[in-house]
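Listed here are the chains, written in short residue letters.
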Amino acid sequence: MKVMKFGGTSVGSVASILSLKKIVEAEAGRGPVIVVVSALDGITDKLLGMARMAMQGNEQWREEYDMVAERHHQMIDTIIADNGKRKDLLQRVDALLEQLQSICNGVFLVHDLSKKTEDAIVSYGERLSSNIVASLVEGGQRMNSRDFIRTEKKQGKNVLDEALTTKLVREAFSPLCCNSVAAKGTVAVVPGFIARDRDSHETTNLGRGGSDYTAAIIAAALDAEILEIWTDVDGFMTADPKVIQSAYTINELSYVEAMELCNFGAKVVYPPTIYPVCIKHIPIRVKNTFNPTHPGTLIKDKIDDDLKPIKGISSIKGTTLITVTGLSMVGVIGVNRRIFTTLANQGISVFMVSQASSENSTSIGVRDEDADAAVKVLNEEFAKEIATGAMFPMQAESGLATIAIVGENMKHTPGIAGKLFGTLGRSGISVIACAQGASETNISFVVESRFLRKSLNVLHDSFFLSEYKVLNLFICGTGTVGGMLLEQLRTQQQVLMQNKRLKLNVVGISDVDNFVLDREGIDLNNYETALRAGEPANTERMRDEIVKMNIFNSVFVDCTASRQIAALYQTFLEHNISVVAANKIAASSDYASYQKLRQTARDRGVWFRYETNVGAGLPIIGTINDLCNSGDKILKIEAILSGTLNFIFNEIAADVPFSETVRRAKEQRYSEPDPRIDLSGTDVIRKLVILTREAGYKVEQEDVEKHLFVPDSYFEGSLEDFWKRLPELDADFEARRKVLEKEGKRWRFVATMENGKTNVALKEVPSSHPFYSLEGSNNIVLLTTERYKEYPMLIQGYGAGAAVTAAGVFANIMSIANI
């Protein structure tokens with residue numbers, strides 16, 4: 001025996017109801033089937049709205065009624081091909097519609113809508129849909145659920161009379177159960193949701209989600225093999241797929257896990273559904289009417305080979321936290337009883353409780369719509385204590401959301417709570433209240449609503465519920481380095497997804513003209529088009545929009561040389577956005593600002609990376625950090641850090657004067673468009689300051705001694721004047737070069753730090769020196785440390801170029817992704 005329940009979306013359209021027919025008939029060929037159906041999608045709300053319009057004397061109820069009638073007529077005309085069967089069905093449906101119209105007309109005339117009348121009106125949704133399904137499905141026989149689902153009044157509410165219902169269900173379905181061979185091909189179609197009062201015999205219902213409950217009641221009473229819930233999703237998801245793109249279907253859940261997820265917003269199964277089948281150990285399978293081949297989610301007693309500590313994450317929007325506090329609560333028995341009794345008497349549901357161990361405060365989570373009533377009745381209940389100052393008036397905080405992580409294996413896995421709060425903290429999310437039962441199946445916590453999406457994403461990613469880890473990137477600058485980085489990202493995206501389960505999601509790109517942001521990700525094959533259609537470049541607006549996105553696992557990547565962009569780093573780090581910078585300005589700025597950036601990154605649990613500030617893709621900064629972190633001390637740094645200047649002094653020759661080497665450096669794009677920037681040594685000074693600071697010394701750019709080789713007067717005036725005057729230096733350089741050549745030496749512009757003292761100078765190095773043979777635009781660094789005294793550590797390689805610099809930036813991004 002199998003019980004199958006089909007929800008409103010499963011009977012709400014022609015395509016879905018025909019899919020239902022195919023699914024049910026295939027199952028009926030294997031044995032007897034009971035099908036429980038909801039009203040057509042949206043009809044229950046239509047009926048309630050129509051009834052209330054009629055009560056208010058609003059003539060529009062008639063239009064609503066006509067729409068309901070027309071929808072059912074259209075459905076029948078479309079799906080029932082047999083003329084005789086269609087005629088019989090229309091007669092039954094029209095009779096029900098006439099009854100519905102008569103009741104609503106009565107409500108309209110007397111302007112009164114009792115609970116009894118409202119229950120009668122909403123019952124017509126399932127009564128109509130069950131007639132349609134019974135006529136559509138081969139072997140369909142409609143059964144009236146009011147004949148065997150019975151309720152009783154308790155505290156003004158209709159609750160199931162379990163004993164009587166079980167007895168009546170068994171009697172009603174005994175022909176189907178006792179002779180399964182004869183019943184093969186028979187489909188009992190039952191309207192869900194509706195019931196009958198055991199005493200007055202009036203029509204009642206099981207409340208919202210009651211069709212699920214009807215199916216579970218029948219399955220439990222008949223000891224069914226399985227209960228199938230057919231809906232419009234593939235099953236329980238690890239999280240809301242509308243928020244988390246990487247959410248996926250959970251194959252198996254225990255009853256407890258399913259109940260916890262349902263109670264915290266997973267609207268796949270109505271929570272009371274689980275109880276009747278759980279105590280009978282009847283499994284539930286949730287399946288998709290629109291994707292019937294998908295296995296769905298199986299809910300059962302025990303999950304075999306279940307290793308994951310967390311199964312899913314669920315949430316409730318619109319949370320208000322009410323705090324009951326006062327010194328008189330400490331050690332006083334009965335305060336919590338009064339709180340919960342008072343709220344229960346008003347029909348207010350509490351879904352989360354958090355109490356301080358000192359007992360002087362209790363925080364309760366309620367839905368926003370219940371908040372005002374809850375505060376009012378609690379203030380009234382504790383009016384005497386509030387008046388004497390023993391307790392304080394109720395404090396209500398709205399604009400919140402409640403999140404629950406669920407999994408029975410949490411109790412076997414130490415550190416889950418620590419990981420949860422650590423993950424949230426690193427993302428800049430404060431937990432306002434939290435609760436965990438001794439069963440350790442659910443950890444619930446409250447955050448500001450604006451952090452809901454970010455919380456769900458970062459937790460889903462952190463607890464490996466995602467099929468891949470996501471890093472969200474904002475790329476600033478699309479010039480030589482930025483453009484090359486975007487190309488490297490484009491070519492590696494799929495490789496990293498397949499091999500590393502890492503998704504590098506570029507959510508923002510900016511250049512000098514425009515910027516574009518897209519939470520879902522920008523297609524790097526067409527990013528130029530998206531950028532042209534973006535907003536005009538505005539540094540402050542871009543900063544504000546990035547912060548407002550509040551996106552998880554985010555990294556701002558600066559591939560510019562802009563001082564304005566570097567000024568944004570502090571804001572980004574304060575908002576838990578990591579920063580990767582090819583831009584040298586921030587790390588070489590005043591020492592206080594540099595330290596503040598690093599300290600902010602540490603405090604916020606994010607990353608400030610700038611490896612390519614010195615040596616492009618060479619691992620210089622990382623090596624210095626590793627040496628210092630492992631207890632070594634950097635005593636001396638000697639380095640050639642300007643690829644441009646190294647190129648110039650490698651090119652200079654008898655037939656290539658100094659001025660020509662400078663011109664070649666510009667033409668071959670080794671130098672800045674204005675070569676004076678390179679010749680002034682400013683870039684080398686910045687790099688030396690950065691390395692000295694990484695080595696643990698406090699230094700400012702002004703502290704660096706400068707021994708330059710071009711007189712200061714050449715840096716004044718226009719660029720055109722500079723080019724005109726530059727050949728004036730050729731004769732002096734050539735005379736000095738000849739002397740060097742005889743001595744077997746070469747010029748190298750060397751940056752030096754020794755015990756915190758720094759200088760840059762044009763030096764003459766002999767052929768025995770490691771710097772002598774440095775070719776092209778390469779960089780070289782010698783590190784003398786307490787461990788590497790006799791033989792300094794040498795790092796050498798390409799120190800310039802878009803490809804290697806972009807690769808270094810990419811490596812910094814990957815270092816953050818791998819943490």
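In this report, the structure presented in the accompanying data block is examined. (Residues numbered from 1 in each chain as written. Predicted model: local features only at pLDDT ≥ 70, side-chain atom pairs only at ≥ 80, totals over all residues. Heavy atoms only, no water.)

## Observations regarding the environment of serine 13
To keep it simple, the criterion reads: Each helix is a run of H or I in the DSSP string that is no shorter than four residues. Each strand is a run of E no shorter than two, and both are numbered from the N terminus. For every residue, the accessible area obtained with a 1.4 Å probe (protein chains only) is divided by the maximum for its type, and the residue is called buried under 20%, exposed over 50%, and partly exposed between those limits.
Looking at where serine 13 falls in the secondary structure, it is placed in the loop between helix H1 (8-11) and helix H2 (14-28). Relative accessible area serves as the criterion here: at 28%, serine 13 is assigned to the partly exposed category. Considering only alpha carbons, one finds serine 13 and valine 804, 791 residues apart in sequence, at a separation of 57 Å.

## Side note on the sheet that holds strand S8 (residues 203-205)
Hydrogen bonding along the main chain pairs the strands of a sheet, whether they run parallel or antiparallel. Under the convention used in this document: Only strands that DSSP links by at least two bridges are regarded as paired with each other. For every element, the axis is a line fit to its C-alpha atoms; helices are fit only across the contacting stretch, and the angle between N-to-C directions ranges from 0 to 180 degrees.
Read from one edge to the other, the open sheet built from 4 strands follows the order S5-S4-S7-S8, with strand pairing classed as mixed. For this open sheet the edge positions go to strand S5 (157-160) and S8, each flanked by a neighbour on one side alone. The sheet shows a mean angle of 55° between the axes of neighbouring strands, direction not considered.

## Looking at the packing of aromatic side chains
Using the following cut-off: Aromatic pairing here means that ring centres of Phe, Tyr or Trp (its six-membered ring) are within 6.5 Å. Orientation follows from the plane angle: under 30 degrees is stacked, over 60 is edge-to-face, and everything else is tilted.
All chains considered together, the criterion is met by 16 aromatic pairs. Ring centres of tryptophan 61 and phenylalanine 108 lie 6.4 Å apart, and the angle between their planes is 45°; this geometry places the pair in the tilted category. Residue tryptophan 61 is found in helix H4 (residues 61-79), and its partner phenylalanine 108 is found in helix H5 (residues 83-110); the two are separated by 47 residues along the sequence. As far as the burial class goes, tryptophan 61 and phenylalanine 108 line up, both buried. Ring centres of phenylalanine 556 and phenylalanine 572 lie 4.6 Å apart, and the angle between their planes is 40°; on these two criteria the pair is classed as tilted.

## A few points about the pattern of salt bridges
Going by this rule: We define a salt bridge as a contact between a side-chain nitrogen of Lys or Arg and a carboxyl oxygen of Asp or Glu at a distance within 4 Å.
This structure, assessed with the given rule, holds 44 salt bridges. As a salt-bridge pair, glutamate 651 and arginine 664 come within 3.0 Å of each other at their nearest N and O atoms. With a gap of 13 residues between them, glutamate 651 in helix H23 (residues 643-651) and arginine 664 in helix H24 (residues 658-667) connect regions that are remote in the sequence. For glutamate 651, a relative accessible area of 25% translates into the label partly exposed. Judged by relative accessible area, arginine 664 falls into the partly exposed class, the value being 27%. Of the charged contacts, one joins arginine 725 and glutamate 728 as a salt bridge, the two residues approaching to 3.7 Å between their closest N and O atoms. Three or more residues are tied together by salt bridges with common partners; here these are Glu152, Lys154, Asp161, Arg198 and Asp199.

## Focus: empty space enclosed by the protein
Condition: Computed over the protein atoms alone on a 1 Å grid, cavities are sets of points where a 1.4 Å probe fits but cannot get out and pockets are open sets with protein on both sides within 12 Å along at least five of seven lines; a residue lines them when it has an atom within 4 Å of a point. Grid points are joined across faces, edges and corners, and a volume is the space filled by probe spheres set on the points. Side-chain classes are defined by residue name, with Ala, Val, Leu, Ile, Met, Phe, Trp, Tyr, Cys and Pro counting as nonpolar, Asp, Glu, Lys and Arg as charged, and the others, Gly among them, as polar.
Inspection of every chain in the model, using the stated rule, returns 2 cavities of 30 Å³ or more. Counted as a void, the largest cavity has a volume near 220 Å³. In terms of lining, the largest cavity is formed by 18 residues, of which the most central are Val243, Gln245, Asn457, Val470 and Phe552. Elements supplying a minimum of two residues to the lining of the largest cavity: helix H15 (452-462), strand S19 (469-476) and strand S20 (502-510). Here the lining of the largest cavity takes 4 residues from H15, the largest share from any one element. Looking at side-chain class alone, the lining of the largest cavity contains 6 nonpolar, 7 polar and 5 charged residues. By volume, the second largest cavity is sized at about 40 Å³.

## So, helix H9 (residues 255-263)
Under the convention used in this document: This arc corresponds to the set of directions leading from the helix axis out to the C-beta atoms. Residue contacts are counted whenever heavy atoms from the two residues lie within 4.5 Å of one another.
Every buried residue of H9 is accounted for by Tyr255, Glu257, Ala258, Leu261 and Cys262. Projected onto a plane normal to the axis of H9, the buried residues spread over an arc of 165° and lie on a single side. Looking at the buried positions of H9, the neighbouring elements they touch are strand S10 (252-254), helix H10 (274-278), strand S12 (297-300), strand S13 (312-325) and strand S16 (395-406).

## Focus on the nonpolar core
Convention followed: We define a nonpolar core as any set of buried Ala, Val, Leu, Ile, Met, Phe, Trp, Tyr and Cys residues linked to one another through side-chain atoms lying within 4.5 Å.
Formed by 102 residues in total, the largest nonpolar core has its most connected members in Ile405, Leu459, Phe556, Ile637, Phe658 and Phe709. Of all the elements, helix H26 (residues 682-694) adds the most residues to this core, at 6 residues. Membership of the second largest hydrophobic core comes to 52 residues, among which are Val190, Ala195, Val268 and Ile299.

## Notes on the pairing of strand S21 (residues 514-517)
The side chains of a regular strand alternate, first on one face of the sheet and then on the other. Strand direction decides the pairing type here: S20 and S21, joined by 3 bridges, are antiparallel. When the bridges of S21 are listed, isoleucine 509 appears paired with valine 516. Turn length for the S20-S21 hairpin, with the two strands adjacent in sequence and antiparallel, is 3 residues. By the bridge criterion, 2 bridges tie S21 to strand S22 (residues 535-536) in an arrangement that is antiparallel. Residue pairing across strands places asparagine 514 opposite proline 536, the latter belonging to S22.

## Here we look at the environment of glutamate 775
The residue glutamate 775 is located in the loop between strand S29 (757-766) and strand S30 (778-785) in this model. Sequence separation between glutamate 775 and phenylalanine 515 is 260 residues, and the spatial gap between their C-alpha atoms is 39 Å. If we skip the residues at most four places from it in the chain, glutamate 775 touches Asn646 and Asn650.

## Some remarks on the pairing of S29
The pairing of strand S27 (residues 705-707) with S29 spans 3 bridges and is parallel. Opposite histidine 707, over in S29, you have alanine 761 as the bridge partner. Direction of pairing for strand S28 (residues 745-754) relative to S29: antiparallel, over a ladder of 10 bridges. Directly across from arginine 748, in S29, lies its bridge partner lysine 763. Between the end of S28 and the start of S29, which pair antiparallel, lie 2 residues, with asparagine 755 showing a positive phi angle near 50°.

## Some thoughts on the sheet that holds strand S18 (residues 442-448)
Here 6 strands make up an open sheet; going across it, the order is S14-S15-S13-S16-S18-S17 and the pairing antiparallel. Each edge of the sheet is formed by a strand with only one pairing partner; in this case those strands are strand S14 (352-355) and strand S17 (433-436). Direction aside, neighbouring strands of the sheet carry axes that sit 30° apart on average. Sheet analysis places S14 next to strand S15 (residues 361-367), joined by 4 bridges and oriented antiparallel. Within the sheet, the bridge partner assigned to valine 353 lies in S15 and is isoleucine 364. Each of S13, S16 and S18 touches H9; the most contacted strand, S13, lies at about 65° to it. Relative to the sheet, helix H14 (residues 416-426) contacts S16, S17 and S18, its axis offset from that of S18 by approximately 15°.

## Description of a positive patch on the surface
Going by this rule: Here a patch means residues that are over 30% exposed by relative accessible area and free of salt bridges, tied together within 9 Å if like-charged and within 5 Å if nonpolar (Val, Leu, Ile, Met, Phe, Trp, Tyr). Note on areas: Shrake-Rupley, 1.4 Å probe, and residue coverage restricted to the protein chains presented here. Positive charges come from Lys and Arg, negative ones from Asp and Glu, while His and the chain ends are left out of the count. Where a charge lies is defined by one atom per residue type: Lys uses NZ, Arg uses CZ, Asp uses CG and Glu uses CD.
Taken together, the side chains of Lys242, Lys267, Lys317, Arg367 and Arg453 present a region of like positive charge at the surface. Inspection of the secondary structure assignment puts lysine 242 in the loop between strand S9 (226-231) and S10.

## Here we look at the side chain of serine 129
Applicable threshold: N or O atoms within 3.5 Å of each other form a polar contact, as long as, within protein, one can give a hydrogen and the other can take it, and as long as residues adjacent in sequence are counted only when both atoms are side-chain atoms.
Counting through the fold element by element, serine 129 comes out in helix H6 (residues 115-136). The buried category is assigned to serine 129, whose relative accessible area is 1%. Polar contacts involving the side chain of serine 129 include one to the main-chain carbonyl oxygen of serine 38, which spans 2.8 Å. Those residues in contact with serine 129, other than ones at most four positions away along the chain, are Val37, Ser38, Ala39 and Leu40.

## Quick look at the packing of helix H3 (residues 43-55) against H4
Our working rule: For this classification, under 35 degrees means roughly parallel, over 145 means roughly antiparallel, 65 to 115 means roughly perpendicular, and everything else is oblique. Crossings are assigned a handedness: left-handed for a near helix turned anticlockwise from the far helix by less than a right angle, right-handed for a clockwise turn.
At a minimum axis distance of 8 Å, the contact between H3 and H4 shows a crossing angle of 155°. Classified by the angle between their axes, H3 and H4 sit roughly antiparallel to one another. Between H3 and H4 lies a crossing whose hand is left-handed. On the side of H3, the interface is formed by Ile43, Lys46, Met50, Met53 and Ala54, while H4 contributes Trp61, Glu64, Tyr65, Met67, Val68, Arg71 and His72. When its residues are assigned to classes, the contact of H3 with H4 shows 8 nonpolar, 1 polar and 3 charged.

## Things to note about the packing of H3 against H6
Packing of H3 against H6 leaves a shortest axis separation of 9 Å and a crossing angle of 150°. One finds that H3 runs roughly antiparallel with respect to H6. Handedness of the crossing formed by H3 with H6: right-handed. In this structure, H3 uses Ile43, Thr44, Leu47, Leu48, Ala51 and Arg52 to contact H6, whose residues at the interface are Glu118, Ile121, Val122, Tyr124, Gly125 and Glu126. The residue inventory of the contact of H3 with H6, partitioned by class, reads 7 nonpolar, 2 polar and 3 charged.

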